[in-house]
Structures are given as structure tokens and as C-alpha cells.
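Residues per chain, in single letters:
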Number of protein chains: 2
Amino acid sequence: MASGAGPEIERLMALLSKLPGLGPRSARRAALALLKKREQLLIPLTAAMQDAAERVTSCHICGALSTRDPCATCADPARDAAMICVVEEDSALWAMERVGAFSGRYHVLGGLLSALDGVRPEDLRLSGLMQRVSAGGVEELVMALPATVEGQTTAHYIADRVKQLAPEVTITHLARGVPVGGELDWLDDGTIAHAFKSRR
Amino acid sequence: MASGAGPEIERLMALLSKLPGLGPRSARRAALALLKKREQLLIPLTAAMQDAAERVTSCHICGALSTRDPCATCADPARDAAMICVVEEDSALWAMERVGAFSGRYHVLGGLLSALDGVRPEDLRLSGLMQRVSAGGVEELVMALPATVEGQTTAHYIADRVKQLAPEVTITHLARGVPVGGELDWLDDGTIAHAFKSRR
Ligand SMILES: [Zn+2]
Ligand SMILES: [Zn+2]
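Cut-offs and rules
In this convention, every chain numbers its residues from 1, walking through the sequence in written order. Numbering of ligands from 1 and lettering of chains from A proceed in the order in which they are written. A pLDDT threshold of at least 70 governs which residues receive local features in this predicted model, and a stricter bar of 80 or more applies before side-chain atom pairs are shown or counted, although totals over entire chains, interfaces and linings include all residues. Heavy atoms from the whole structure form the basis of all side-chain values; hydrogens and water molecules are not counted. UniProt positions are given in the numbering used here, feature names are shortened, and annotations may be inferred rather than shown by experiment. Atoms of type N, O and S within 2.8 Å of a metal are treated as its donors, and for Na, K and Ca the window is 3.2 Å; water is not considered, so some sites may appear to be missing partners. Each helix is a run of DSSP H or I of at least 4 residues and each strand a run of E of at least 2, with the numbering of both proceeding from the N terminus. Remark: exposure states derive from per-residue accessible area (1.4 Å probe, protein chains only) relative to the maximum for the residue type, with buried under 20%, exposed over 50%, and partly exposed in between. We place the copies in one frame by least squares, fitting the C-alpha atoms of every residue whose pLDDT is at least 70 in both. Here, residues are in contact when the closest pair of their heavy atoms is within 4.5 Å. Site shape is set this way: if four donors have all angles between 85 and 135 degrees, tetrahedral; if opposite donors are over 155 degrees apart and all others between 65 and 115, square planar for four donors and octahedral for six; otherwise irregular. We define a salt bridge as a side-chain nitrogen of Lys or Arg found within 4 Å of a carboxyl oxygen belonging to Asp or Glu.

The name given to chain A in an unreviewed UniProt entry is Recombination protein RecR, with the source organism recorded as Asticcacaulis currens. Taken from UniProt, the Function (unreviewed entry) comment for chain A reads in full: "May play a role in DNA repair. It seems to be involved in an RecBC-independent recombinational process of DNA repair. It may act with RecF and RecO." Per UniProt, chain A carries the Sequence similarities (unreviewed entry) text "Belongs to the RecR family."

Below, the structure is given as C-alpha cells:
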């Protein structure tokens with residue numbers, strides 16, 4: 001009982017501190033806010049989390065988190081199936097969707113190749129992407145990966161494999177409006193829209 | 001669907017962004033972390049929140065958040081009932097307990113008097129404090145309130161009422177080791193311990 005708050009509240013604070021961006025102090029403040037705003041915050045957030053835990057799954061086609069499988073994007077006939085935008089994580093997909101400049105489909109890799117962190121091709125959602133590309137009908141693969149070493153290594157790896165499997169597919173990259181080292185989720189929407197329009 | 005994440009995930013992000021310290025971007029990152037770490041984070045945190053929603057209440061004596069009523073501090077015969085430490089919120093109580101320099105009881109006001117925000121004496125847990133003081137047995141009231149205008153106004157108001165109701169009670173204040181404008185929860189433990197020992 002380091003905080004004197006009792007084991008239940010301690011446990012709540014310890015788990016909140018595992019959220020990205022929350023240290024021990026902000027986790028304590030978050031716990032207090034939850035306990036003080038029981039009806040407005042704690043109960044609705046608990047319900048939303050329970051709902052998410054029970055219903056959110058990964059789309060078997062693109063890998064996106066969704067309560068439906070296939071997800072809304074993969075199931076939407078109005079979305080251009082000839083274009084697939086490849087992203088690292090759902091947060092990048094969400095960022096692209098907020099911008100609204102892209103009307104194709106997605107593929108969420110679930111990470112990036114990294115020798116340092118030991119992330120290998122088989123650790124990513126790559127075989128599914130190669131199947132989609134090989135199945136035909138895809139004209140363009142838009143690489144919306146971060147301008148980091150890992151992002152560019154992953155993009156090159158995918159480009160090489162696609163060249164062998166389906167050389168007719170054009171591979172484009174978001175233009176260098178994405179700052180070096182920058183993650184897509186942290187960019188303003190205008191930068192993303194511009195980078196998409198001037199993809200190369 | 002501003003983010004393209006679907007209504008369930010949107011709702012999760014919207015509620016997370018209401019936590020102190022989380023803006024829309026960090027709420028999206030928190031939502032993604034929860035959904036990706038389903039077993040390690042989402043499910044245990046949901047359980048901890050549900051447990052808190054069902055079991056955490058306010059102690060009818062001191063007002064502290066607790067799963068027991070009276071709380072562990074009020075129920076502990078080893079804690080000195082002659083000393084009551086008056087705090088604004090549970091976070092300050094938790095900070096005092098982490099330090100471990102105080103072995104008395106607490107009283108959680110649940111806020112501070114504020115003409116600006118329209119917080120009046122009847123909005124705080126003040127009548128309970130006056131009852132505890134009038135009942136006898138209290139020798140010292142330690143004001144552990146922030147060194148802000150509201151904190152000092154509240155401390156003066158309490159001191160005035162206690163002087164009338166129970167003039168034998170000594171009122172002390174945490175020493176000015178607490179930085180002006182500083183909230184107790186954000187201080188390092190050493191500062192709090194020092195301020196407590198040199199209370200005046
Ligand atoms: Zn999908
Ligand atoms: Zn109590």
C-alpha cells in the first residue's frame with residue numbers, strides 16, 4: 001500500500017500507469033478522476049472497454065481492428081479495391097481516414113521489420129498482403145510507413161517481394177512531407193493529405 | 001466516424017480523452033494500446049475499473065475513497081485520533097501516506113472554497129469536520145492544503161470556525177516547503193516530509 005489508497009485503487013492506478021503517456025503521477029490523477037466522476041466517466045468508460053474487449057477483432061483481410069469481419073472498409077464496395085494503403089498500425093489507418101484523401105483499401109502490418117528489436121517478416125501481417133497482391137486486381141500499393149530506418153526497410157522489403165510476385169503493381173510512397181522520424185499519427189491532417197497527394 | 005475506427009472504438013477514444021492529461025491524440029494511442037494488449041491490459045484494467053465502480057465508496061467519517069466504510073485509516077486503532085490532517089482531495093492523502101511521516105487521521109474536503117468557481121462552504125465536507133472537532137479528543141488539525149489563494153482561504157475559514165467551536169484545538173499548517181501554487185500530489189516525497197515536520 002505505497003499510496004495508502006487500498007489494494008483495489010492501487011491496482012487501478014498500477015494498470016492505468018501502463019497506458020502510453022501515463023506515468024505513475026498521471027495514473028493517480030486519472031484514477032482519482034475516474035473515482036470522482038463515477039457516473040459520467042468510470043461507468044461509461046468501463047462499459048466501452050468491456051464492449052471493445054468482447055467485440056473488437058482484427059479484420060481477416062486487412063488486419064484492421066474492427067467489430068466486424070471483414071471490416072467496414074474491406075466490406076465497402078465503394079472503396080477502390082485496386083489501391084491498397086500499407087500502414088504500420090491502426091493509428092496510421094485512423095489518421096488517413098480522418099484526412100479523407102484516400103478512397104482505397106488498407107493493409108495493417110502490425111509492426112515494422114527491425115533487426116534491433118528482432119521483428120522478422122513472419123512477425124508481420126505480410127503473407128496476407130502478398131496473397132492480396134497475387135490474387136490480382138491490385139494496381140497500386142501506397143506505402144504509408146514512417147520515415148524511419150525501420151519504416152523504410154519494411155517498405156523496401158515489401159517492394160522487392162511485390163516486384164517478384166506481381167510486377168504489374170505500382171508501388172508508391174507518401175511524399176516527404178512526413179518529417180523524418182515522424183509517426184503518422186502525430187502529424188496534422190494537412191501534412192498527411194499533402195503527402196498523400198504527392199506520393200511517388 | 002472522424003477517425004475511421006468504427007463507433008465502438010470511437011467511443012472508447014472519446015471517453016479516454018476525458019481523463020486528465022490525455023488529449024485526443026494520446027487517447028487514440030491509449031485506445032490502440034488497450035486493443036493490442038487485450039489480455040495484459042484491456043481485460044485486467046476493465047476488471048479493476050468494474051471492481052472500483054462496484055466497491056469504492058467514500059468513508060462516512062473522513063470522506064476518503066475506500067472499499068471499506070469506515071476506511072482503513074479511520075478504523076485503525078493504532079492511528080492517532082488526536083491529529084486530523086485536512087486535505088483537498090484523496091490524491092493529497094495518498095501523497096501523505098506515501099511519505100509515511102503522519103500517523104494521525106484524515107479529513108478529505110473534496111475541494112476548496114472558491115468565489116471564482118462558486119464553491120461555497122456547504123459544497124465541501126466541512127460539517128463533518130466540525131462534528132469531529134466538536135466531539136472532543138482532537139488536539140491538532142494539520143492543514144495540508146495547497147499554497148494557493150483557494151487553499152489559504154479555505155484554511156482561514158476552517159481556522160475561524162474551529163476557534164469558535166473548539167478553541168482548545170491547535171491548528172497547524174504545512175511549512176512553506178510546499179511551493180506557491182503547488183499541488184501536494186505533484187511534490188517529491190522529501191519535500192512533503194520536510195513540510196510536515198516543520199508545520200507551524
Ligand atoms: Zn479489413
Ligand atoms: Zn475514513
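Draft legend 1. Broad picture of the coordination of the zinc ion (ligand 1). Residues and elements named next belong to chain A. Note on the zinc ion (ligand 1): its protein donors are C59 (SG), C62 (SG), C71 (SG) and C74 (SG). The metal-donor distances range over 2.3 to 2.4 Å. Within one chain, the residues serving as donors to the zinc ion (ligand 1) are arranged as C-x2-C-x8-C-x2-C. Here C59 is found in the loop between strand 1 (57–58) and strand 2 (65–66), whereas its partner C71 is found in the loop between strand 2 and helix 4 (72–75), with 12 residues between them in sequence. The pair C59 / C71 is uniform in exposure class, with both members buried.

Draft legend 2. Representation of the relation of the copies chain A and chain B. Each copy superposes on the other: chain A lies on chain B with an RMSD of 0.0 Å after a rotation of 180 degrees and an axial shift of 0.0 Å. One copy is carried onto the other by what is essentially a two-fold rotation axis. Relative to the rotation axis, the closest C-alpha in chain A is found at A:T46, a distance of 2.9 Å. Taken as a fraction of all interface residues of chain A, those also at the interface in chain B reach 100%, which identifies the copy contact as same-surface.

Draft legend 3. Here's a closer look at the coordination of the zinc ion (ligand 2). All names here are of chain B. Coordination of the zinc ion (ligand 2) by the protein comes from C59 (SG), C62 (SG), C71 (SG) and C74 (SG), over a distance range of 2.3 Å. With 4 donor atoms in place around the zinc ion (ligand 2) and angles of 104 to 116 degrees between them, the coordination shape is tetrahedral. Coordination of the zinc ion (ligand 2) draws on donor residues from a single chain, spaced C-x2-C-x8-C-x2-C in sequence. The exposure classification of C62 matches that of C71, with both residues buried.

Draft legend 4. Highlighting the pattern of salt bridges. What the rule picks out here adds up to 14 salt bridges over all chains. Close ionic contact of B:E39 with B:R38 constitutes a salt bridge, the shortest N to O distance being 2.9 Å. Residue classification places B:R38 among the partly exposed residues on the basis of a relative accessible area of 31%. Among the ionic pairs, B:E122 bridges to B:R120, the shortest N-O distance being 3.8 Å. Residue B:E122 is classed as exposed on the basis of its relative accessible area of 58%. What you see here is one network of salt bridges that share partners, running through A:E8, B:D51 and B:R55.

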